[in-house]
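Residues per chain are reported as follows:
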Amino acid sequence: MKYIIRSLKYYCYLILLLTLIILALVLTGFVEADLSKMFINGYDSLWQIALIMLAFAALYPRFGFSKRTAHVYGAPEEIRADVVRVMETLGYRLEAEKDGAWSFLRRSGLSRALKMWEDRITLTPSGAGLEVEGLTRDLVRVVSGLETIQRQDA
């Protein structure tokens, strides 16, 4: 269900972005305001564009969200302070602690809105370290930050 919701959010985001770009082009006079003249196939282009965007939106959650392992060792209560400090440095705040997992959200409301409120990073202790789940592009910074703290403490 989460996958479908993310796809729909991204689809709406793409449609809004395209609408804003077309509106900007019309307002600046680069293109005529008539859709039949704006696109090669006229009004037929609208459903073609919508279909292409639907395909991108359907694939986005598969590649846009992932799970990585941060090699951070120690008991959860021992590493909690370091984890919270790293996440706060990266612009996140602790949202919840549940069943041994930590959930973080972006502090900035603007940043959350730009990510369509899909900015949650979840850290779950495991045998290999911490399982980090969230937006793929954010995971690299988070995992790197967590592993750097681990190396500095060693």
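Let me sum up the structure you'll find in this document. None of these values were measured; they are calculated from a predicted model. (Residues numbered from 1 in each chain as written. Predicted model: local features only at pLDDT ≥ 70, side-chain atom pairs only at ≥ 80, totals over all residues. Heavy atoms only, no water.)

## Structural notes on the pattern of salt bridges
Opposite charge on two side chains permits them to pair, given that their charged atoms come into close proximity. Under the defined criterion, the tally for this structure stands at six salt bridges. Between lysine 37 and glutamate 32 there is a salt bridge; the shortest N-O distance is 3.8 Å. The partly exposed category is assigned to glutamate 32, whose relative accessible area is 48%. As a salt-bridge pair, arginine 106 and aspartate 138 come within 3.9 Å of each other at their nearest N and O atoms. Placement of arginine 106 in strand E3 (residues 101-106) and of aspartate 138 in helix H6 (residues 136-153) is noted, with a sequence separation of 32 residues between them. In this structure arginine 106 comes out as buried when scored by relative accessible area, which is 12%. Each of the salt bridges in this network shares a partner with another, and the network as a whole consists of Arg106, Asp138 and Arg141. (Salt bridge = Lys/Arg side-chain N within 4 Å of Asp/Glu carboxyl O. Buried < 20%, exposed > 50% of the residue type's maximum accessible area, 1.4 Å probe, protein only. Helix = DSSP H or I, 4+ residues; strand = E, 2+ residues; numbered from the N terminus.)

## Structural notes on the pairing of strand E5 (residues 129-135)
Counting buried positions over the seven residues of E5 gives five, a clear majority of the element. Alignment of strand E1 (residues 65-70) against E5, held across six bridges, turns out to be antiparallel. Of the residues in E5, the one forming a bridge with lysine 67 is glutamate 133. Relative to E5, strand E4 (residues 121-126) runs antiparallel, the two being bridged by five bridges. Across the sheet, residue proline 125 finds its bridge partner in E5, namely leucine 130. Counting the residues in the hairpin turn of E4 and E5 gives two residues. (Pairing = 2+ DSSP bridges.)

The quantities given are spatial measurements derived from coordinates; they are silent on function.
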